[in-house]
Amino acid sequence: MTKLSAGSSLVLPPREAGVSSRRWLCAAIQSAILDGQLPPGASVPATRTLAAQYRISRGTVVSAYHQLRSEGYVTGTVGSGTYVNSVLPDGLLHVSRNATTSTPIAPPAARALTAFAHRVQLFRGYEARPLRAFRANQPALDLFPTTLWAQVAARRLRRATPESLLGCGPLGYRPLQEAVADYLRDSRGVRCDAEQVAIVSGVQEALDLAGRMVLTPGDTVCLEDPGYPGAARVFEALGATIAAVPVDDEGITLTDASWRTARLAYVTPAHQFPLGTSMSLPRRLELLEWARASGGLIFEDDYDAEYRYADRPVPALQGLDRHGVVLYAGTFSKVLFPSLRLGYLIVPPDLRARFAAAKSVVSRHASLQEQAILCDFIAGGHFGRHLRRMREVYAERLAVLLEASRERLGGLIDVPDIEAGLQTVGWLRGGITGEAATSAALARGVEITALSRFTRGLVRREGVQLGFAAVDPIELRRGVMELGRALEGLRPPTSP
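The model shown is predicted, which means the values in this text are computed figures rather than measured ones.

Student: So what's going on with the environment of Leu88? Which residues, and what values?
Tutor: For Leu88, the position within the fold is in the loop between strand S3 (81–84) and helix H4 (89–92). Along the sequence, Leu88 and His323 sit 235 residues apart, while their C-alpha atoms lie 65 Å from each other.

Student: Tell me about the pairing of strand S13 (residues 423–428), residues and numbers included.
Tutor: Within a regular beta strand, the side chains point alternately toward one face of the sheet and then the other, so they alternate between its two faces. By the criterion of burial, S13 is predominantly enclosed, with six of the six residues buried. The alternating pattern of S13 places Gln423, Val425 and Trp427 on one face and Thr424, Gly426 and Leu428 on the opposite face, and all of these are buried. Here strand S12 (residues 413–414) runs beside S13; their pairing, made up of two bridges, is antiparallel. The residue bridging Asp414 from the neighbouring strand is Trp427, located in S13.

Student: With reference to specific residues and values, describe the layout of surface pockets.
Tutor: Any empty space left between the atoms is revealed when a probe the size of a water molecule rolls over them. The calculated volume of the second largest pocket comes to roughly 490 Å³. Lining of the second largest pocket is provided by 24 residues; of these, Asp249, Leu275, Gly276, Thr277 and Trp427 occupy positions nearest its centre. Broken down by secondary-structure element, the contributors of at least two residues to the lining of the second largest pocket are strand S6 (241–248) and S13. Its residues placed into classes, the lining of the second largest pocket shows 11 nonpolar, five polar and eight charged.

Student: Now, about the sheet that holds strand S10 (residues 326–331): what can you tell me, with residues and values included?
Tutor: Strands sit in the order S4-S11-S10-S9-S8-S5-S6-S7 across an open sheet of eight strands; the sheet is mixed. Edge positions in the sheet fall to strand S4 (197–200) and strand S7 (251–252), since each has one partner strand and no second. Here strand S5 (residues 220–225) pairs with strand S8 (residues 262–267) via four bridges, running parallel. Pairing of Thr220 across the sheet is with Ala262, part of S8. Of the strands in this sheet, S4, S8, strand S9 (297–301), S10 and strand S11 (343–346) touch helix H9 (residues 203–214), which is tilted by about 175° from S9.

Student: An account of the packing of helix H6 (residues 146–158) against helix H13 (residues 368–379) is requested, with residue identities and associated values reported.
Tutor: For any two helices packed against each other, one specifies the inter-axial angle together with the distance between the axes. Across the interface, H6 lies against H13 with an axial gap of 9 Å and an inter-helix angle of 120°. By the angle class used here, H6 and H13 are oblique. The chirality of how H6 crosses H13 is right-handed. Side by side, H6 and H13 meet where Leu148, Trp149, Val152, Ala153, Arg156 and Leu157 of the first sit next to Gln369, Glu370, Ala372, Ile373, Leu374, Asp376 and Phe377 of the second. Taken together, the residues that form the contact of H6 with H13 break down as nine nonpolar, one polar and three charged.

Student: Go over H13, please, and point to the residues and values.
Tutor: Spanning 12 residues, H13 covers 16 Å between terminal C-alpha atoms, matching the ideal 16 Å at 1.5 Å per step. Judged by how many residues are buried, H13 sits mostly within the fold: 10 of 12 residues are covered. Within H13, burial applies to Leu368, Gln369, Gln371, Ala372, Ile373, Leu374, Cys375, Asp376, Phe377 and Ile378. Buried residues along H13 sit against H6, helix H7 (162–166), helix H8 (174–188), S4 and helix H14 (382–408). Note on H13: the residue one or two positions beyond its end, Gly381, has a positive phi of about 85°.

Student: Residues and numbers for the sheet that holds strand S14 (residues 449–450), please.
Tutor: Taken in spatial order, the four strands make up an open sheet running S12-S13-S15-S14, and their pairing is antiparallel. Two strands in the sheet have a free side with no partner beyond their single neighbour: S12 and S14. Where S13 meets strand S15 (residues 463–467), five bridges bridge the pair, whose relative direction is antiparallel. Across the sheet, the residue bridging to Gly426 is Val464, located in S15.

Student: If you had to explain the packing of aromatic side chains to someone new, which residues and values would you point to?
Tutor: Going through the model one piece at a time under the given rule, you end up with 17 aromatic pairs. A centroid spacing of 5.6 Å and a plane angle of 70° characterise the contact between Trp24 and Tyr54, whose relative ring orientation is edge-to-face. Of the two residues, Trp24 is situated in helix H1 (residues 21–34) and Tyr54 in helix H2 (residues 47–54); the sequence distance between them amounts to 30 residues. Classification of Tyr54 by relative accessible area gives partly exposed; the value is 22%. Clustering of aromatic rings is evident, with ring pairs tying together Tyr228, Tyr266, Phe273, Phe299, Tyr303 and Phe454.

Student: Explain unusual backbone geometry to me, and be specific about the residues and the numbers.
Tutor: At the junction of Asp225 and Pro226, the peptide bond is cis and its omega measures out at 5° in the coordinates. Inspection of the secondary structure assignment puts Pro226 in the loop between S5 and helix H10 (229–237). Here the bond from Phe273 into Pro274 is cis, since omega is 10°, no more than 30 degrees from zero. Within the secondary structure, Pro274 sits in the loop between S8 and helix H11 (281–294). If you check the backbone angles, Asn137 has positive phi at about 60° while not being a glycine. When you line up the elements, Asn137 lands in the loop between helix H5 (115–119) and H6. On the basis of relative accessibility, which here comes to 19%, the residue Asn137 falls in the buried class. Unlike most non-glycine residues, Arg341 shows phi in positive territory, near 50°. Topologically, Arg341 is positioned in the loop between S10 and S11.

Rules behind the numbers
- Residues numbered from 1 in each chain as written.
- Predicted model: local features only at pLDDT ≥ 70, side-chain atom pairs only at ≥ 80, totals over all residues.
- Heavy atoms only, no water.
- Helix = DSSP H or I, 4+ residues; strand = E, 2+ residues; numbered from the N terminus.
- Buried < 20%, exposed > 50% of the residue type's maximum accessible area, 1.4 Å probe, protein only.
- Pairing = 2+ DSSP bridges.
- 1 Å grid on protein atoms, 1.4 Å probe; cavity = no way out; pocket = protein on both sides within 12 Å on 5 of 7 lines; lining within 4 Å.
- Points joined across faces, edges and corners; volume = space filled by probe spheres on them.
- Nonpolar A, V, L, I, M, F, W, Y, C, P; charged D, E, K, R; others polar.
- Contact = heavy atoms within 4.5 Å.
- Axes fitted to C-alpha atoms, helices over the stretch in contact; angles between N-to-C directions.
- Parallel < 35°, antiparallel > 145°, perpendicular 65-115°, else oblique.
- Left-handed = near helix turned anticlockwise from the far one by under 90°.
- Expected span 1.5 Å × (residues − 1).
- Phe/Tyr/Trp six-rings, centres within 6.5 Å; stacked < 30°, edge-to-face > 60°.

Dropping the structure here:
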């Protein structure tokens, strides 16, 4: 074995305040080994020597050496000394103290990936950034009763049992399934029982499950155009062919030739995303007849139908279904808070067992503790009270947006009267494009989204999406003023 060139001395960095001697010594010797100060095969100072040098107890040094030996950094026996291992654990794991996430890694010459891996694209979710007008698709998180939620969660955790820590069936926690079924029957007119409720992590998982069940690569899926891009991302990753079907004032149109071969249709009938219109009854019946006659399925995304401000929410399309052709999905992320990641999928009775099998393989089940907490929140009446409060708040904020827009944005953008949702559409005037408006508004600290970003075909009418639910009245008024200045800068000069 080689000996240290410095003899029995070893220079270690000073110990930081609050760090125990043992922890400091382990980390310091490990660093000396990884940095090359103690190369492989080098002897490590005797425990008595190191204890005297740094004025710590010999027992502390012995304990530190024992820890380093158990981790594979040093080796040795009583009476023969302690030495640095020739093969270090960090070497086996390809770990370097100087390595960074940008350190290049050479992949195998022939990396085998599936078609799914090549098709799937990153779909960005919520980002933590300062709130400003007109943030869309987000609830008022500052008004969520976090203290109440914490109390409900604490009570649930105090009552935890071995069974609750073990898990639940793939379709979810039975009391929550029952609570969701009761809520949907009463508030949305959905025809279901608890056995049909699948608790999922959100609509994205519901879309993925539905696609896996009914689509093979090359199958056609009809999507609203403009429409929700997250649905297209899922179905494209599964190899489906997307048919972008135009939307009119009554909802998705059914004259497109792609309907003849479509296996699945994705729609948002209660509050079309992003235009905000509601599908008419004749169009709903026509869509249901297509599914019955063709053997296709309808995926109904009821993403924010709880928030209707003029009267009761429009009943779900699923409530009209008499042939089991509708998959009905909703989420608590828009109603409570996004990071909850809990939603539901109502499946026809004949598909229940197949969806349960798929869920058990893909994700086992949603977090049981979160399901139980949500169930308690609903059963305690807190969910209903929160919904009623938010309807009042959002109705007030919508009124502020509409009033301020009429006063400041006349001739630049038309914001129609709407009765539901967390955001609305603004139709641009004077030849202004949505992309130009989005860039100009962003330069003034205002967030809007061009409708062209939700369109797969031709842009039929230039417009932008304006969110109001998450934004307080003061910020809404500021946003309207800045948006007006931004749009005025884009308006072509008038001829003399």
